[in-house]
Amino acid sequence: MDAIVKNFPALSGTDGRPSQKEAEDAVRVLLRWAGDDPEREGLLDTPARVAKSYKELFSGYDLAAEDVLGRTFEEVGGYDDLVLVKDIPFFSHCEHHMVPIIGKAHVAYLPDGKVLGLSKIARVVDIYGRRLQTQETMTAQIAKAIDDTLQPRGVAVMIEAEHMCMAMRGVQKQGSTTLTTTFTGSFKSDPAEQVRFMTMLRGWK
Ligand SMILES: Nc1nc2c(ncn2[C@@H]2O[C@H](COP(=O)(O)OP(=O)(O)OP(=O)(O)O)[C@@H](O)[C@H]2O)c(=O)[nH]1
Ligand SMILES: [Zn+2]
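Since we're looking at a predicted model, the values are computed, not measured.

Caption draft 1: Fine view of the site of ligand 1. All residues adjacent to ligand 1 are Cys94, His96, His97, Thr134, Gln135, Glu136, His163, Cys165, Met166, Arg169 and Gly170. One nitrogen or oxygen atom from the side chain of His163 is found 3.2 Å from a nitrogen atom belonging to ligand 1. In isolation ligand 1 offers 630 Å² of accessible surface; the protein chains occlude 49% of this area. Where the shell around ligand 1 is concerned, the elements lending two or more residues are helix 6 (135–150) and helix 7 (164–167). Looking at the shell around ligand 1, its residues break down into three nonpolar, six polar and two charged.

Caption draft 2: Unusual backbone geometry, seen in detail. The phi dihedral of Gln151 is positive, around 45°, even though this residue is not glycine. On the basis of relative accessibility, which here comes to 55%, the residue Gln151 falls in the exposed class. Residue Gln172 is not a glycine yet carries a positive backbone phi of 55°. With respect to the helices, strands and loops of the structure, Gln172 is situated in the loop between helix 7 and strand 7 (178–183).

Caption draft 3: Summary view of the domain arrangement of the chain. What the domain assignment lists for the chain is domain 1 (2–57) and domain 2 (76–203). Taking only C-alpha atoms into account, the centre of domain 1 sits 32 Å from that of domain 2.

Caption draft 4: Spatial organisation of the sheet that holds strand 7. Spatially, five strands are ordered 5-2-3-6-7 in an open sheet, and the strand pairing comes out mixed. Where the open sheet ends on each side, the last strands, each with one partner, are strand 5 (132–133) and strand 7. In the sheet, strand 3 (residues 100–110) pairs with strand 6 (residues 154–163) via ten bridges, with the strands oriented antiparallel. By the bridge assignment, Leu110 is partnered in strand 6 with Gly154. The strands that helix 5 (residues 118–129) touches are strand 2 (83–94), strand 3 and strand 5; relative to strand 2, the one it contacts most, it runs at about 20°. Along the sheet, helix 9 (residues 191–203) contacts strand 2, strand 3, strand 6 and strand 7; its crossing angle with strand 6, the most-contacted strand, is approximately 50°.

Caption draft 5: Structural view of the UniProt feature "domain: GTP cyclohydrolase I" (unreviewed entry) in the chain. Feature annotation in UniProt places "domain: GTP cyclohydrolase I" (unreviewed entry) on residues 24–201, given in this structure's numbering. Here residues 24–201 is 43% helix and 25% strand, with 44 Å between the C-alpha atoms at its ends.

What counts and what doesn't
- Residues numbered from 1 in each chain as written.
- Chains lettered and ligands numbered in written order.
- Predicted model: local features only at pLDDT ≥ 70, side-chain atom pairs only at ≥ 80, totals over all residues.
- Heavy atoms only, no water.
- Near = heavy atom within 4 Å.
- Polar contact = N/O pair within 3.5 Å; in protein donor to acceptor, adjacent residues only side chain to side chain.
- Areas by Shrake-Rupley, 256 points an atom, 1.4 Å probe, with all protein chains shown as cover.
- Helix = DSSP H or I, 4+ residues; strand = E, 2+ residues; numbered from the N terminus.
- Nonpolar A, V, L, I, M, F, W, Y, C, P; charged D, E, K, R; others polar.
- Buried < 20%, exposed > 50% of the residue type's maximum accessible area, 1.4 Å probe, protein only.
- Domains from an automatic or database assignment.
- Pairing = 2+ DSSP bridges.
- Contact = heavy atoms within 4.5 Å.
- Axes fitted to C-alpha atoms, helices over the stretch in contact; angles between N-to-C directions.
- UniProt positions renumbered as here; feature names shortened; annotations may be inferred.

Next up, the structure:
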């Protein structure tokens, strides 16, 4: 760590992050890069606000999915069939352009003696969403975290999202949706389980 701080003086925070002042200075540079004047009245507090909002938008870096998923329940009356939490809304930011990805995650698993608190699944989506992401990485990370900690018979994750980097800039295609899936265990090996996941997801609205 010391070596990193020495080689990269901007990384002067105790955990290797820049200080608040360095973050605010960086925002002032970007404001000038955008063509505005960081010293005009309306922008004076903006660097502090942006630094603060980054703490919230990227709070996933300070959280571990394993901590959230640690609490499981075994008394579920012998229930061992598919559990699906669908339409979990999330906001993320693409790692290429740092602009929003807006979407919904659908997460299912086949329990093997243990179930998760339902809110924990949504919390895991937020932990990975509140980082710089590609949609593929985020999909795989959610599936892996649940697979590793709960060790269920299988996990299925589908994410559908709109990428603002494709809508607001570049190719400028508003309204297109990207779908990604990750399947593990029985969902991966048994096409019938994938069909059941899709049917539960799309079958009843
Ligand atoms: N696979 C994948 N690509 C993404 C994701 N988010 C953004 N991208 C793409 O990342 C690519 C970056 O392409 P580059 O050619 O390096 O960058 P660029 O010149 O800004 O590309 P354009 O967006 O086409 O203007 C673009 O095609 C984006 O659409 C994602 O979650 N997954
Ligand atoms: Zn992008």
